[in-house]
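Summary of structural features
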Amino acid sequence: MPASSAPLYLQSSVSALRGVGPALVQRLQRMDIWRVQDVLFHLPSRYQDRRHLLPIGTLLPEQEAAVLGEITQVEHLRGRRDQWLVTLSDGTGQLYIRLFHMLAPMRAQWQEGRRLWCFGETRAGYQGLEMVHPEWQMADQPQFEAPTHLTPFYPSTQGITQAQWRRWVAQALTLVDQLPDYLAKYLGPAWPPLGEGLRLLHESAEEVPTPAHPAWQRLALEELLANHLAIRSARTAGDETGAPVIKASGSLWTAFLKQLPFALTAAQQRVIAEINQNMAQARPMRRLLQGDVGSGKTLVAAAAALTAVEQNYQVALMAPTEILAEQLYDRFVEWLTPLGIQVGFLVGGLGQKARREVLENLHNQRIQIVVGTQALFQDEVKFAGLGLVIIDEQHRFGVDQRRQLLEKGTIPHLLVMTATPIPRTLAMTVHADLDLSIIDALPPGRSPVETLVVADTRRAELMTRMQHRLAEGDQIYWVCPLIEESEILALQAAETSYADLQAALPEVPIALVHGRLPAAEKARVMADFKAGKTRILVATTVIEVGVDVPNASLMVIEHAERMGLAQLHQLRGRVGRGQRQSSCILLYHPPLGGKARARLQVMRDSRDGFVIARKDLELRGPGEYLGTRQTGLLQMRVADMMRDEALLAELPRLATQLLHENPEAVQALIQRWLGNRLDYSQVG
Ligand code: ADP
Ligand code: MG
């Protein structure tokens, strides 16, 4: 334990917090939390209501609940990995508590006959309902306090508990009034101070805070401003010019079009013209290409790449994951090697020899186009003449990546592609330096994906439907639920579904892919599915963005009621890519609440990413505002680019004033909200 007598400052390392030792410091740093101040800005993703005790006999699987009962049995299960199974009874029923570790002090307390309060999520275990490592208190001692307020729930990582977060936040909150409020001077008296917003979100309340609250709006404004400033200040005077002037002659492009089995859509043509015009100027292109899933952005990327290659410049194409990088690579090889173009592949998981070879060939320009992950932007990667960088489906395209690019010497043109619908005004303000191109039409001949909302009690019918599809030669995605609290539970859920499907369809080759699989293994599984060797792919949400297997015409999404609409839309975009009529089945676990039903109905009735995003916003209830995973270019903590559109009008004025009068505040605000994202570049 670190000394607790040392005074605590906002700028102290997190190690100064009571209860944070060296191992936790490292875990926190991996979450980009370095100083005490960063803990203040680590905001809850939602709130839990643990005020009411539920009778154990009434519990359902996958329910968050607080219970109180007597420990009737403690069983130590020895095996490859020790476990403890504790039985809790309250007269209405029995609940099992499964523990994978139990330290001596805990063992001393968890004894038969003691009364225990627990809060956790139930799941169906072998013996019956169970909770895995719930939060707990001994209820038969004087210190026991039943919660009287809502409890904030923090985004976390393996090895950090909610109780730890709450203790650290409580310590950090003692300093909240020392936090410099850089904007107070520029905002009218109607705006509450910064600290009030942080208190509102962190301190347990009786009601879930809402974004309409002025204290919340104050935080959202500051976050939006920080993002706006980050982009504005990343733009140094020097990079107004200095990009290669790349004028398309169209020779390669014409040859390419000849071998393409379909014609470009008008939207694709328009967007390609916009890009070519940009690249023909010395002012570096920074263009955001927005187009719904399946609108054909990859082809636009190829067009831009060909323009650069034709004029002897190299192109780097980055995807957010190795699977997507591999797939883009395959596509580019298929399309461009017939034109005599060398395409390279560079990801973190590449072997030493292959890696050295790619680096060498980039340096001597034997490779003209390289596809990869963030690994593309590491220091050792030296291009002979990088003219264009394309970033596909990036969730967190950050200022840091731009900076890394600029450090590569030349200033390449930049094209960022996304399926996230962003209103034009918004894109202009928050991404102050990006021009926007929009593909607003899907390729012709796509029949819309039929979407069905089905209770998971109807699995038998579903199996019949799947067998029909398989008999017709089609392939199927089976998507498993995301469990934010625990990667291990998510994986277990996927493994269970995988085993169930194998049992139900024994002759069908089925594969499982998930985030924990080594990259090479993932790539192999995906390649097999693409080649049709496996017919059903069971996946956690790794297939969320970009995967393209036209022969997959059916997608089943388990626990669709738990997923965000944006995510469901992204997932559904993986089917309906070929000629076959495609379907997406949204399985839910009954009973379905009113809100959840309405959300699934939106998915059933709409195919337009833009409409879905708006509805999503309307349907979010209190407590669901925070931390909804925004599949956007920028991941915001409190602001929502659509909901808080009205705040955007304030940004240019505030930014200009701060940049003139208080440049240090600009740096401090960027640091406060965007943190040290540079370190994320290692993730590759
Ligand atoms: P996204 O915009 O989601 O990245 P893709 O670029 O992966 O979409 O394109 C989706 C599918 O549509 C691919 O199979 C692609 O070959 C096909 N496609 C792209 N443009 C056209 C077009 N103009 N006509 C027909 N099919 C097209
Ligand atoms: Mg794509």
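For the structure, check the block above.
Note that this is a predicted model, so its numbers are computed, not measured.

Here is what the cut-offs are and how they apply
Residues numbered from 1 in each chain as written. Chains lettered and ligands numbered in written order. Predicted model: local features only at pLDDT ≥ 70, side-chain atom pairs only at ≥ 80, totals over all residues. Heavy atoms only, no water. Helix = DSSP H or I, 4+ residues; strand = E, 2+ residues; numbered from the N terminus. Buried < 20%, exposed > 50% of the residue type's maximum accessible area, 1.4 Å probe, protein only. Contact = heavy atoms within 4.5 Å. Areas by Shrake-Rupley, 256 points an atom, 1.4 Å probe, with all protein chains shown as cover. Pairing = 2+ DSSP bridges. Near = heavy atom within 4 Å. Polar contact = N/O pair within 3.5 Å; in protein donor to acceptor, adjacent residues only side chain to side chain. Nonpolar A, V, L, I, M, F, W, Y, C, P; charged D, E, K, R; others polar.

Topic: the overall build of the protein chain
- A count of helical and extended segments in the protein chain gives 21 helices and 21 strands.
- Burial status across the protein chain gives 53% buried among its 684 residues.
- Considering only residue pairs separated by 6 or more positions, the protein chain has 75% of its internal contacts joining residues 24 or more positions apart.
- Of the roughly 29,300 Å² of accessible surface on the protein chain, 52% is carried by carbon and sulfur atoms.

Overview of the pairing of strand E14 (residues 413-418)
- Within E14, six of the six residues are buried, which leaves it mostly tucked inside the rest of the structure.
- Residues of E14 alternate between two faces, with His413, Leu415 and Met417 on one and Leu414, Val416 and Thr418 on the opposite face, all of them buried.
- Where strand E9 (residues 286-291) lies against E14, five bridges are found, and the strand directions are parallel. By the bridge assignment for E14, Leu289 is matched with Met417.
- Alignment of strand E13 (residues 386-392) against E14, held across five bridges, turns out to be parallel. Paired with Leu388 across the bridge in E14 is His413.

Some thoughts on the site of ligand 1
- Every one of the 17 residues lining ligand 1 counts as a neighbour, but Ala263, Gly294, Lys297, Thr298 and Arg446 are closest to it.
- Ala263 has a polar backbone atom sitting 2.9 Å from a nitrogen atom of ligand 1.
- One of the backbone N or O atoms of Gly296 is found 3.0 Å from an oxygen atom in ligand 1.
- Its residues assigned to classes, the shell around ligand 1 comprises five nonpolar, six polar and six charged.

A look at unusual backbone geometry
- Following Pro590, the chain continues into Pro591 via a peptide bond in cis, with omega recorded as 0°.
- Inspection of the secondary structure puts Pro591 in the loop between strand E21 (583-588) and helix H18 (594-605).
- Within the chain, Asp32 stands out as a residue other than glycine whose phi angle is a positive 65°.
- Within the chain, His133 stands out as a residue other than glycine whose phi angle is a positive 40°.
- Within the secondary structure, His133 is located in the loop between strand E6 (129-132) and strand E7 (135-138).
- Here His133 falls in the partly exposed class, since its relative accessible area comes to 29%.

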